[in-house]
Amino acid sequence: AAFDRGDDDLAKAGIQANPLRLAHFLAQVFHETDGLTILVEDMNYSAKRMTQVWPKRFPTVASAAPYAHNPKALAEKTYGGRMGNGPEGSGDGFRYIGRGLIQCTGKVSYAKFGKLLGVDLLANPDLACSPEWALKVALAEWGEKRCNERADRNAIKDISVAINGGLIGYDDRIKRFSKVWPIVQE
């Protein structure tokens, strides 16, 4: 639904008429949303999976076990005291989990992109994944992180780090770009 009404937003962001930018944007969106199937970060992990996703925070299965299949506790542990969120237990870690097409995450991001767009994402974080705002929020983050410049250089690694903060899912991002690129060239 966000893309159905998103032509003007994509054009304003300098993406719509540029196949390379569009392919990179879509590859990141498809990775972050698992092919547009996840709009809110799923924090329901097994202990073993936590050691793979957050190896520094959970170096052993035993250290992850108290947070296994407990989304609120895991979000508070992983995001509490970071990205402008209050300390673990404040509720901010869970309140400002990843949402939307690029998974806006953390209180600072919700405040920044909400202010930029003129919408109160802090009070209404679910707006970041609504049909009206999901694409706008993703494009605001894309623009703020200067991803068009990175896309113009075909720098998928740099884009991935800018969007994700690291290289989690990098191989998948490459695969998704490889699938999208021939289609947008047409």
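Residues numbered from 1 in each chain as written. Predicted model: local features only at pLDDT ≥ 70, side-chain atom pairs only at ≥ 80, totals over all residues. Heavy atoms only, no water.

J.: Please clarify how the overall build of the protein chain should be interpreted in this entry.
T.: In terms of helices and strands, the protein chain carries 11 helices and 0 strands. Going from the N terminus to the C terminus, the protein chain shows its helices and strands as α-α-α-α-α-α-α-α-α-α-α. On C-alpha atoms alone, the protein chain measures out to a radius of gyration of 17 Å, which is about the 16 Å that the 2.2 N^0.38 rule sets for 186 residues. Dimensions of the protein chain along its principal axes, counting C-alpha atoms only, are 50 × 35 × 25 Å. Counting over 186 residues, the protein chain shows a buried share of 45%. Considering only contacts within the protein chain whose residues lie at least 6 apart along the sequence, 50% involve residues at least 24 apart. (Helix = DSSP H or I, 4+ residues; strand = E, 2+ residues; numbered from the N terminus. Rg over C-alpha atoms; globule rule 2.2 N^0.38 Å. Buried < 20%, exposed > 50% of the residue type's maximum accessible area, 1.4 Å probe, protein only. Contact = heavy atoms within 4.5 Å.)

J.: Looking at this structure, I do not really get the environment of Pro 66. What am I missing?
T.: Inspection of the secondary structure assignment puts Pro 66 in the loop between helix H4 (61–64) and helix H5 (71–79). Separated by 19 residues in sequence, Pro 66 and Ala 47 have C-alpha atoms that sit 8.1 Å apart.

J.: Help me understand the packing of aromatic side chains in this model?
T.: Between two aromatic rings, the relevant description is the distance of the centres plus the angle of the planes. Scanning all chains against the criterion turns up 6 aromatic pairs. Ring geometry for Phe 177 against Trp 181: centres 5.8 Å apart, planes inclined by 15 degrees, an arrangement best described as stacked. Remark: Trp 181 and Phe 177 occur in helix H11 (residues 170–185); sequence separation between them is 4 residues, near one turn of the helix. On the basis of relative accessible area, Phe 177 is assigned to the buried category, the value being 11%. Through a chain of ring-to-ring contacts, the aromatic side chains of Tyr 45, Trp 54, Phe 58 and Tyr 67 assemble into a single cluster. (Phe/Tyr/Trp six-rings, centres within 6.5 Å; stacked < 30°, edge-to-face > 60°.)

J.: For this particular structure, what's the right way to read the side chain of Asp 9?
T.: Following the sequence through the fold, Asp 9 ends up in helix H1 (residues 7–12). Not counting the four nearest positions on each side in its chain, Asp 9 is found in contact with Leu 135, Lys 136 and Leu 139.

J.: Even after reading the chapter, I still don't get the packing of helix H7 (residues 107–117) against helix H8 (residues 134–144), so can you show me in this structure?
T.: Angle between the axes and distance between the axes are the two parameters that describe a pair of packed helices. Put simply, H7 and H8 touch, their axes get as near as 10 Å, and they point 105 degrees apart. If you check the angle between H7 and H8, you find them roughly perpendicular. Of the residues in H8, those touching H7 at Lys 112, Phe 113, Leu 116 and Leu 117 are Lys 136, Val 137, Ala 140, Glu 141 and Glu 144. (Axes fitted to C-alpha atoms, helices over the stretch in contact; angles between N-to-C directions. Parallel < 35°, antiparallel > 145°, perpendicular 65-115°, else oblique.)

J.: Can you help me understand H11 in this one?
T.: Spacing of three or four residues puts side chains on the same side of an α-helix, whose turn is 3.6 residues. Taking 1.5 Å per residue as the helical rise, H11 with its 16 residues ought to reach 22 Å, and the 22 Å between its terminal C-alpha atoms agrees with that figure. Among the residues of H11, Arg 173, Arg 176, Phe 177, Val 180 and Val 184 are the ones counted as buried. Against helix H2 (19–32) and helix H10 (156–164) lie the buried residues of H11. (Expected span 1.5 Å × (residues − 1).)

J.: Is there a simple way to think about the nonpolar core in this case?
T.: For soluble globular proteins, the rule of thumb is that nonpolar side chains tend to be buried together. If you look at the biggest cluster of nonpolar residues, it comprises 26 residues, and the most contacted ones within it are Ile 15, Phe 25, Ile 102, Leu 135 and Trp 142. When contributions to this core are tallied by element, the ones reaching two or more residues are H2, H8, helix H9 (147–152), H10 and H11. Ranked by the residues each element gives to this core, the list is headed by H2, at 7 residues. With near-sequence residues (within four places) excluded, Leu 135 lies in contact with Ala 2, Phe 3, Gly 6, Asp 9, Leu 10, Phe 25 and Leu 101. (Core = buried A, V, L, I, M, F, W, Y, C linked by side-chain atoms within 4.5 Å.)

J.: Explain the pattern of salt bridges to me, please; I cannot follow it from the model alone.
T.: A side chain of one charge can pair with a side chain of the opposite charge if their charged atoms are brought near each other. Under the criterion given, the structure shown has 12 salt bridges. Note that Asp 34 and Arg 176 form a salt bridge whose closest N and O atoms lie 3.2 Å from each other. On the criterion of sequence distance, the pair formed by Asp 34 in the loop between H2 and helix H3 (47–53) and Arg 176 in helix H11 is long-range, its members being 142 residues apart. The residue Asp 172 makes a salt bridge to Arg 176 at a minimum N-O spacing of 2.7 Å. In this pair, Asp 172 and Arg 176 are both assigned in helix H11, 4 residues apart and thus about one turn of the helix distant. (Salt bridge = Lys/Arg side-chain N within 4 Å of Asp/Glu carboxyl O.)

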